[in-house]
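# Chains, contacts and geometry: an overview
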Amino acid sequence: TVTKLLSEYQPFPFDLEMVRLDFQLDPKATQVRARISMRPLRAAAPLELDGEGLVLRKISVDGRVLARTEYSQSDTGLVIHAAALPAQPFMLETEVEIAPASNTALEGLYMSKGMYCTQCEAEGFRKITYYPDRPDVMARFHVTVSGAGPVLLSNGNPVVQEAGRAEWLDPWPKPAYLFALVAGDLVAHSGSFTTMSGRAVALNIWVRAGDETRCGFALEALKRSMTWDEQVYGREYDLDIFNIVAVDDFNMGAMENKGLNIFNSKWVLASPETATDGDYERIEGIIAHEYFHNWTGNRITCRDWFQLCLKEGLTVYRDQNFTADMRLGPVKRIEDVMALRARQFREDRGPLAHPPRPDNYKEINNFYTATVYEKGAEIVGMLRHLVGEEGYRAALDLYFERHDGQACTIEDWLQVFEDSSGRDLRQFKRWYTDAGTPRLTITDSFKNGTYTLDFEQKTVPTPGQDDKPPRHIPIAVGLLSPQGRDLIETTILEMTEARQSFVFEGLAERPVPSILRGFSAPVELDFAPEAAPDLAFLLAHDSDPFNRWDAGGRLALQTVVAMAQGGAVDPSYSAAIGALLKDGAADPAFSALCLHLPAQDQIAQALHEAGKSPDPEAIYQARETLAQALAMAHEAALSELYEAMAVTGPYRPDPEPAGRRSLRLATLSLLSRIDGGARARTLFDAADNMTESLAALGLCVSAGVGVGVGEAALAQFRARWQGDRLVMDKWFNTQLIASKPDQALSRAQSLVQDPLYDWKNPNRFRSLMAGFSANHAGFHRQDGEGYRFYADWLLRLDPLNPQVAARMSTAFETWARYDLQRQSLMRAQLMRIAQTEGLSRDLSEMTARMLG
Ligand code: HT7
Ligand code: ZN
């Protein structure tokens, strides 16, 4: 397999003016006719077109059918020799045949429950027709569709809509990865939006009949996103119509095709009975994310796929801020950092570590990662810290003005910040080019009213990058008095050296530092023993909500790590939780986050970093013991809160009731450890919404005394929801996460026999397999049978859907953390996969990288 290199970029030697596509749809033999007007930019250049799995019926240039000697064809494309091409603009015409019904990879044109749909990012358009399938080739598209329906959709504005035939014209030049087509028996939930300049835009959410009652929330979220992008970024929508389609078979969350977003139905459909508060928040965030791509991704796109974080990092940053504005900002920030640490920090520590802008890849689908997305977003946040609020807006204004209609690079992006702010960002650029999470070690001293903070930064080597020069890190710092009063306003310290000191003068007494407020940079903090902060003090007093929460999390982690090695519950942690439970001023959603115990994966990592090999069973037990101890110590306060947080009246997914529910469920989770699941069972019976019903179900399974409570609740849930695919995904997933570790594998083995386990559907496959691998001690069973089971299923899925198989293989990325026996068991499975004949490029690259 070929390795693609950033350094080998070459511009495409032809301009594409107009692309006319004509689709005659048929499940087994769809005919695609393409007429592309091209203008040579260089003399005597051959025309290289990508194409995979296409049956070529005809190829002509300016109406002249090409002789077989005038072009060469391979598995990956077609090259028209320079001698066969005119020196002036010409018309290329091709006719190909494809079979959407047998496309199980869900890339290109495929079918889902009788409906035609497309997924072209990153390199799926080449499975539809011969084309320069690269993001820097932008063209206007005119699309005609017939042969199916009644609904026939493509990008842009409708030109002709008649029975059995539709024409769409997209006036905005775009790369092929933003092409989309949908055809089938769909119904719309519709609305409209008037843009800031007064233009009316028709909005439609297209779904299968019966699902239209679950689209209301998504439509309102879309309108809120459109308004926010106008108000905060000055960006207006640019077509007469905006369509969203919900599809059941989809490899990822959603796709931002121009004017025709395609969504995994999981991230569109919502009703109180079927969607949780978390689902509602995610739906709003994903609708916003895809909509925001209209400017950051579509109007300004990427020059090549190495620049993926240019559009993804910025768009994630924008959607995170949108959700923070719609909901509780500090709570959203904590949730985002939790996800970053769980996924991206994990990636950065292991064999899959890569820079946000990689410089080589074999399969680009393997680079839609937490590093590209979430770390990419953190980098944008750091830039904002460096140039300030107004500087950020000025930079973004310049970005849109200078680069509208272009395919850009990270260099272009940083240049607008340099030009608008006058700052030198050459060192800052390392955030894009270097992998790994920097570790800051902190020491401090106080003398004669002067307080000094000393930082040292280090980044350990990552695959292919041994040398890690210092980065430019914005560190937001506050200083508290011993009474918990802020002594200074939060200050951004800019660290650029490997070691650097910062001095604060004129202080009456030694302050308590609050470092990395709001998580101003994606780094890890280590405190030298003498500088170790009083975490209970910070949890009680820090005015920065992020650092308050983080102090509680550090305290919990220290306690549980000690317990996993035979230690006892730290009384100061228990006392701090007691104080939190009595803090009537705290926001319920915030308190709920403070009550969550560290995840088992996080505990395993902390043990590994402390030089111990993590024992998954001991970790599970320590976490359970801690939860039980907290519940026993604070039973009265927890029960009181549990009752007090009950929400009355009809369900609303709004932040206020959702926050109350999350605190109620956090207290329930602890109480279930001492009541044998009794309260959970009562709530399960009484709940009128999926948030409480699903959480209670999980607790019945994990805390239920004997098998009765959990099994009965599972059977009841299944009987009620077996006809609902999205809810049944939750059923598969929740019971595996909640199972006792020694039961997780047998449960997974029996669930794969369930007639509802449709493993070819990505959502169902993920719900089961991700649920199993999230059961940390169950997946990491000592006998390695968890690994074998998981690898068997990756191998079964790979020939059908390599993208999903490769993505799911990251369950093995942490193998090096564990004891030698587990290491060799995991490596044996990775090797078994790697050596399988006919393995996809996707899974083969992933296993090779993991094996190192
Ligand atoms: N830009 C999209 C990323 C994407 C994707 C989506 C669906 C299926 C396959 C895909 N490959 C890449 C989604 C986004 O970031 O908004
Ligand atoms: Zn995106």
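Residues numbered from 1 in each chain as written. Chains lettered and ligands numbered in written order. Predicted model: local features only at pLDDT ≥ 70, side-chain atom pairs only at ≥ 80, totals over all residues.

### Observations concerning the overall build of the protein chain
The helix and strand inventory of the protein chain stands at 26 helices and 31 strands. Seen through its principal axes, the protein chain has C-alpha atoms that stretch 85 × 65 × 60 Å. The proportion of buried residues among the 852 residues of the protein chain is 51%. Partitioning the intrachain contacts of the protein chain with sequence separation of at least 6 by distance along the chain shows that 70% fall at a separation of at least 24. (Helix = DSSP H or I, 4+ residues; strand = E, 2+ residues; numbered from the N terminus. Buried ≥ 20, exposed ≤ 12 C-beta atoms within 10 Å, placed from the backbone. Contact = placed C-beta atoms within 7 Å.)

### Describing the environment of Pro40
With respect to the helices, strands and loops of the structure, Pro40 is situated in strand E3 (residues 30–40). On the neighbour-count criterion, Pro40 (18 C-beta atoms within 10 Å) is partly exposed. Note: C-alpha distance between Pro40 and Ala87 (47 residues apart in sequence) is 6.5 Å. Not counting residues up to four positions away in its chain, the partners in contact with Pro40 are Pro13, Phe14, Ala45, Leu85 and Ala87.

### Regarding the packing of helix H14 (residues 635–644) against helix H15 (residues 655–675)
H15 packs onto H14 with a crossing angle of 140 degrees between their chain directions and a minimal axis gap of 9 Å. As summarised for this structure, H14 and H15 are arranged oblique, according to the angle between their axes. H14 and H15 meet at a crossing whose hand is left-handed. In contact with Glu635, Leu638, Ser639, Leu641 and Tyr642 of H14, H15 contributes Leu663, Arg664, Thr667, Leu668, Leu670, Leu671 and Ile674. For the contact of H14 with H15, the class distribution of residues is 8 nonpolar, 2 polar and 2 charged. (Axes fitted to C-alpha atoms, helices over the stretch in contact; angles between N-to-C directions. Parallel < 35°, antiparallel > 145°, perpendicular 65-115°, else oblique. Left-handed = near helix turned anticlockwise from the far one by under 90°. Nonpolar A, V, L, I, M, F, W, Y, C, P; charged D, E, K, R; others polar.)

### Side note on helix H19 (residues 725–738)
When the terminal C-alpha atoms of H19 are compared, their 20 Å separation across 14 residues agrees well with the 20 Å that a helix rising 1.5 Å per residue should span. Where burial is concerned, most of H19 is hidden: 11 out of the 14 residues are buried. For H19, every residue scored as buried is listed here: Leu726, Met728, Asp729, Lys730, Trp731, Phe732, Asn733, Thr734, Gln735, Leu736 and Ala738. Looking at the buried positions of H19, the neighbouring elements they touch are helix H17 (690–703), helix H18 (708–721), helix H20 (741–751) and helix H21 (762–774). (Expected span 1.5 Å × (residues − 1).)

### Some details on the sheet that holds strand E13 (residues 151–154)
Strand pairing in a sheet relies on backbone hydrogen bonds. The paired strands run either parallel or antiparallel. One open sheet accounts for 4 strands, arranged E10-E11-E16-E13; its pairing is antiparallel. Of all strands in the sheet, those bounded by a partner on one side alone are strand E10 (108–112) and E13. Strand-to-strand twist of the sheet, defined as the mean angle between neighbouring strand axes without regard to direction, takes the value 15 degrees. (Pairing = 2+ DSSP bridges.)

### Regarding the site of ligand 1
Near ligand 1, the surroundings consist of 13 residues, among which Gln119, Glu121, Asn251, Met252 and Met255 are the closest. Secondary structure elements with two or more residues in the shell around ligand 1: strand E20 (254–255) and helix H2 (277–292). Of the residues belonging to the shell around ligand 1, the class tally is 5 nonpolar, 4 polar and 4 charged. (Near = placed C-beta within 6 Å.)

### Here's the deal with the domain arrangement of the protein chain
How big an interface is tends to be expressed through the accessible area that disappears when the partners come together. Domain boundaries assigned for the protein chain yield domain 1 (18–275), domain 2 (301–433), domain 3 (439–530) and domain 4 (722–852). A straight line from the C-alpha centre of domain 1 to that of domain 4 covers 33 Å. Taken together, the contact pairs 13 residues of domain 1 with 13 residues of domain 4. Considering only residue class, the side of domain 1 that touches domain 4 consists of 4 nonpolar, 5 polar and 4 charged. (Domains from an automatic or database assignment.)

### Some remarks on helix H25 (residues 820–834)
A turn of α-helix holds 3.6 residues, and therefore any two residues three or four places apart point the same way. For H25, which comprises 15 residues, the first-to-last C-alpha distance of 20 Å matches the rise-based estimate of 21 Å (1.5 Å per residue) to within 8%. Looking only at H25, the buried set comprises Arg822, Leu825, Met826, Gln829, Leu830 and Ile833. Looking straight down H25, one finds its buried side chains confined to an arc of 135 degrees; they lie on one side. Away from its buried face, by an angle of more than 90 degrees, H25 presents the exposed residues Leu820 and Gln821. (Arc of directions from axis to C-beta.)

### What about the pairing of strand E9 (residues 90–98)?
Where E3 lies against E9, 9 bridges are found, and the strand directions are antiparallel. Bridging across to E9, Arg35 finds its partner in Glu93. The sheet contact formed by strand E5 (residues 55–61) and E9 spans 6 bridges and is antiparallel. Bridging across to E9, Lys58 finds its partner in Glu95.

### Comments concerning the packing of H15 against H17
Two numbers describe how H15 lies on H17: the axes approach to 10 Å, and their chain directions differ by 15 degrees. Comparing the axis directions of H15 and H17 gives the class roughly parallel. When the axes of H15 and H17 are compared, the crossing they make is right-handed. From H15, Arg661, Leu665, Leu668, Ser669, Ser672 and Arg673 reach across to H17, where they touch Thr691, Glu692, Ala695, Leu699 and Ala703. Residues that form the contact of H15 with H17 fall into these classes: 5 nonpolar, 3 polar and 3 charged.

### Topic: the UniProt feature "domain: Aminopeptidase N-like N-terminal" (unreviewed entry) in the protein chain
Taking the numbering used here, the UniProt-annotated feature "domain: Aminopeptidase N-like N-terminal" (unreviewed entry) corresponds to residues 21–165. What you have in residues 21–165 is 0% helix and 50% strand, and the ends, taken at the C-alpha atoms, are 13 Å apart. (UniProt positions renumbered as here; feature names shortened; annotations may be inferred.)

### Concerning the UniProt feature "domain: Peptidase M1 alanyl aminopeptidase Ig-like fold" (unreviewed entry) in the protein chain
Those places that UniProt annotates as "domain: Peptidase M1 alanyl aminopeptidase Ig-like fold" (unreviewed entry) correspond, in this numbering, to residues 436–527. Summarising residues 436–527: 0% helix, 49% strand, and an end-to-end C-alpha distance of 19 Å.

### Things to note about the nonpolar core
Of all hydrophobic cores here, the largest spans 233 residues; its most connected members are Val182 and Val245. With 12 residues, helix H5 (residues 370–403) is the single largest residue contributor to this core. Not counting residues up to four positions away in its chain, the partners in contact with Val245 are Cys117, Leu153, Val182, Trp206, Leu260, Ile262 and Phe263. (Core = buried A, V, L, I, M, F, W, Y, C linked by C-beta atoms within 7 Å.)

### Quick notes on the environment of Ile492
Tracing the sequence through the fold places Ile492 in strand E28 (residues 491–495). By the C-beta count within 10 Å, which is 15 here, Ile492 ends up partly exposed. For Ile492 and Val182, which are 310 residues apart along the polypeptide, the C-alpha to C-alpha distance reads 49 Å. Discounting residues that sit within four places of it in the chain, Ile492 has contacts with His385, Pro474, Ala476 and Ser520.

### Focus: the confidence of the model for the protein chain
Residues of the protein chain with pLDDT of at least 70 account for 100%, and the chain-wide mean is 97. For this predicted complex, the interface confidence reaches an ipTM of 0.97, while the overall pTM sits at 0.98. (pLDDT = per-residue confidence, 0-100.)

### A closer look at the environment of Pro351
Position of Pro351 among the secondary structure elements: in the loop between helix H4 (329–349) and strand E23 (360–361). Beyond its immediate chain neighbours, meaning those up to four positions away, Pro351 contacts Pro463, Glu813, Arg849, Met850 and Gly852.

### Brief notes about the sheet that holds E3
Spatially, E6-E5-E9-E3-E2-E12-E15-E14 is the arrangement adopted by the 8 strands of the open sheet, whose pairing is mixed. Two strands close off the open sheet at either side, each with one partner strand: strand E6 (64–65) and strand E14 (157–162). Sheet analysis places strand E2 (residues 14–24) next to strand E12 (residues 139–146), joined by 7 bridges and oriented parallel. Paired with Met18 across the bridge in E12 is Arg140.

### Here's the deal with the pairing of strand E19 (residues 241–247)
Burial of E19 is extensive: 6 of the 7 residues sit out of reach of the surface. As judged from the 5 bridges shared by strand E18 (residues 200–207) and E19, these two strands associate in the parallel manner. Residue pairing across strands places Ile205 opposite Ile244, the latter belonging to E19. In this fold, the crossover linking E18 to E19 by way of helix H1 (residues 216–233) has left-handed handedness. Two strands pair when backbone bridges link them, and E19 and strand E21 (residues 260–264) are joined in this way by 5 bridges, in the parallel orientation. Bridge assignment links Ile244 to a residue of E21, and that residue is Asn261. (Right-handed = clockwise from strand over helix to strand, strands pointing away.)

### Let's talk about unusual backbone geometry
Following Glu121, the chain continues to Ala122 via a peptide bond in cis, the omega torsion being 0 degrees. Counting through the fold element by element, Ala122 comes out in the loop between strand E11 (115–119) and E12. The omega torsion across Gly149 and Pro150 is 10 degrees, close enough to zero to call that bond cis. Among the secondary structure elements, Pro150 is positioned in the loop between E12 and E13. Despite not being glycine, Lys113 shows a phi value in the positive range, around 50 degrees. Assignment of secondary structure puts Lys113 in the loop between E10 and E11.

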